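Below are the chains, spelled out letter by letter.
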Amino acid sequence: MRAALAVVGLVGLGACGGHQHAGAGDDDSMFQCKSRSVSYIVTGGIAGDELGVAIDCQDAGPRVRRWVVQRDGARDESAKSLTPGEFDDIWQRVDGAGWRNIRDCDQAAGKGDPVYTFDAKDWNASNSFSCAGRGALPFPYGNLIDELDQAAAAITGHAHDDPGLDR
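All values derive from a computational prediction rather than experimental measurement.

Conventions we followed
Residues numbered from 1 in each chain as written. Predicted model: local features only at pLDDT ≥ 70, side-chain atom pairs only at ≥ 80, totals over all residues. Heavy atoms only, no water. Pairing = 2+ DSSP bridges. Helix = DSSP H or I, 4+ residues; strand = E, 2+ residues; numbered from the N terminus. Axes fitted to C-alpha atoms, helices over the stretch in contact; angles between N-to-C directions. Phe/Tyr/Trp six-rings, centres within 6.5 Å; stacked < 30°, edge-to-face > 60°. Buried < 20%, exposed > 50% of the residue type's maximum accessible area, 1.4 Å probe, protein only. Disulfide = S-S within 2.5 Å. Core = buried A, V, L, I, M, F, W, Y, C linked by side-chain atoms within 4.5 Å. Contact = heavy atoms within 4.5 Å. Salt bridge = Lys/Arg side-chain N within 4 Å of Asp/Glu carboxyl O.

Peer 1: Account for the sheet that holds strand S3 (residues 63–69), with residues named and values stated.
Peer 2: The strands that make up a sheet are held in pairs by hydrogen bonds between backbone atoms, and each pair lies either parallel or antiparallel. Judged by pairing direction, the sheet is antiparallel, and its 6 strands sit side by side in the order S4-S3-S2-S1-S5-S6 without closing on themselves. Two strands bound the open sheet, and with one partner strand each, they are strand S4 (75–81) and strand S6 (126–132). On average, adjacent strands in this sheet sit at an angle of 10° to one another, irrespective of strand direction. One ladder, built from 7 bridges, connects strand S5 (residues 115–121) with S6; its direction is antiparallel. By the bridge assignment for S6, Ala 120 is matched with Asn 127.

What follows is the structure in structure tokens.
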């Protein structure tokens, strides 16, 4: 009887051990990039001549990049790896926003308003579109910015406190 209990105990311990995944889709061997990427670039904002955020997986695995080009032309760029699960979660929300069918917004923009230019692609399609304006941009433009900003917050450790985003 003791031997049977010992075997059951060892089997139970073995079931709890081993490599643990942070979530579904975090296994690098199962990740399929499928040439997916999405980015936005804002020009005319207060951060500098250009501010951009992108997620992609083609060149360096799943990652998020953020850059700022200052008025003097100096470029500051940083990047952070994403797990396959993090990338897929963000992509699912971007895909749910309908990036394939989005066109330039018809929001009236004032002189000197920042212009947000978006690029999204996967193995089947690509799309570029823009929206200008101060304050919150309409759906889905603002949602795409929020998704990318949340991913970029992992680089700086701060969500939505970027003074460069003129929204």
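We are not done yet, so read on.
Peer 1: Explain the environment of Thr 43 residue by residue, including any values.
Peer 2: Looking at the secondary structure, you find Thr 43 in strand S1 (residues 37–43). A C-alpha to C-alpha distance of 9.8 Å links Thr 43 and Gly 112, two positions 69 residues apart in sequence.

Peer 1: Describe in detail the packing of aromatic side chains, supporting the description with residues and values.
Peer 2: Taken as a whole and judged by the stated rule, the model has 7 aromatic pairs. Between the aromatic rings of Phe 129 and Tyr 141, the centroid separation amounts to 6.1 Å while the plane-to-plane angle is 65°, which identifies the pairing as edge-to-face. In this pair, Phe 129 is assigned in strand S6 and Tyr 141 in helix H3 (residues 141–156), connecting sequence segments 12 residues apart. According to the relative accessible area criterion, Tyr 141 is buried, its value standing at 7%. Here the aromatic cluster, defined as three or more aromatic residues joined through ring pairs, consists of Tyr 40, Tyr 116, Phe 118, Phe 129 and Tyr 141.

Peer 1: Account for the state of the cysteines, naming residues and giving values.
Peer 2: A complete count under the given rule lists 2 disulfides for this structure. What pairs with Cys 33 in a disulfide is Cys 57, and their sulfur atoms sit 2.0 Å apart. Between Cys 33 and Cys 57 the sulfur-sulfur dihedral comes to about 85°; the bridge is accordingly right-handed. Linking Cys 33 in the loop between helix H1 (2–16) and S1 with Cys 57 in the loop between strand S2 (50–56) and S3, this pair joins segments that are 24 residues apart in sequence. Just as Cys 33 is buried, Cys 57 falls in that class too. Between Cys 105 and Cys 131 runs a disulfide, and the two sulfur atoms are separated by 2.1 Å. The S-S bond linking Cys 105 to Cys 131 shows a torsion near 90°; that makes this disulfide right-handed. With Cys 105 in the loop between helix H2 (84–96) and S5 and Cys 131 in strand S6, this residue pair connects regions lying 26 residues apart in the sequence. Accessibility expressed as a relative area gives 17% for Cys 105, which makes it buried. By relative accessible area, which is 1% here, Cys 131 ends up buried.

Peer 1: Describe the nonpolar core, naming the residues involved and giving the relevant values.
Peer 2: Judged by nonpolar contacts, the single largest core of 33 residues is most densely connected at Tyr 40, Ile 55, Phe 118 and Tyr 141. Per-element accounting of this core gives the leading share, 6 residues, to H3. Apart from the residues within four sequence positions on either side, Tyr 141 is in contact with Ile 102, Arg 103, Asp 104, Cys 105, Phe 118, Phe 129, Ser 130 and Cys 131.

Peer 1: Quick rundown of the pattern of salt bridges? Include the residues and the values.
Peer 2: One pass over the structure, following the stated rule, counts 11 salt bridges. Ionic pairing is found between Asp 95 and Arg 100, a salt bridge with its closest N-O pair at 2.5 Å. Residue classification places Arg 100 among the partly exposed positions, given a relative accessible area of 33%. Taken together, the salt bridges that share partners define one network made up of Glu 50, Asp 56, Arg 63, Arg 65, Arg 75 and Glu 77.

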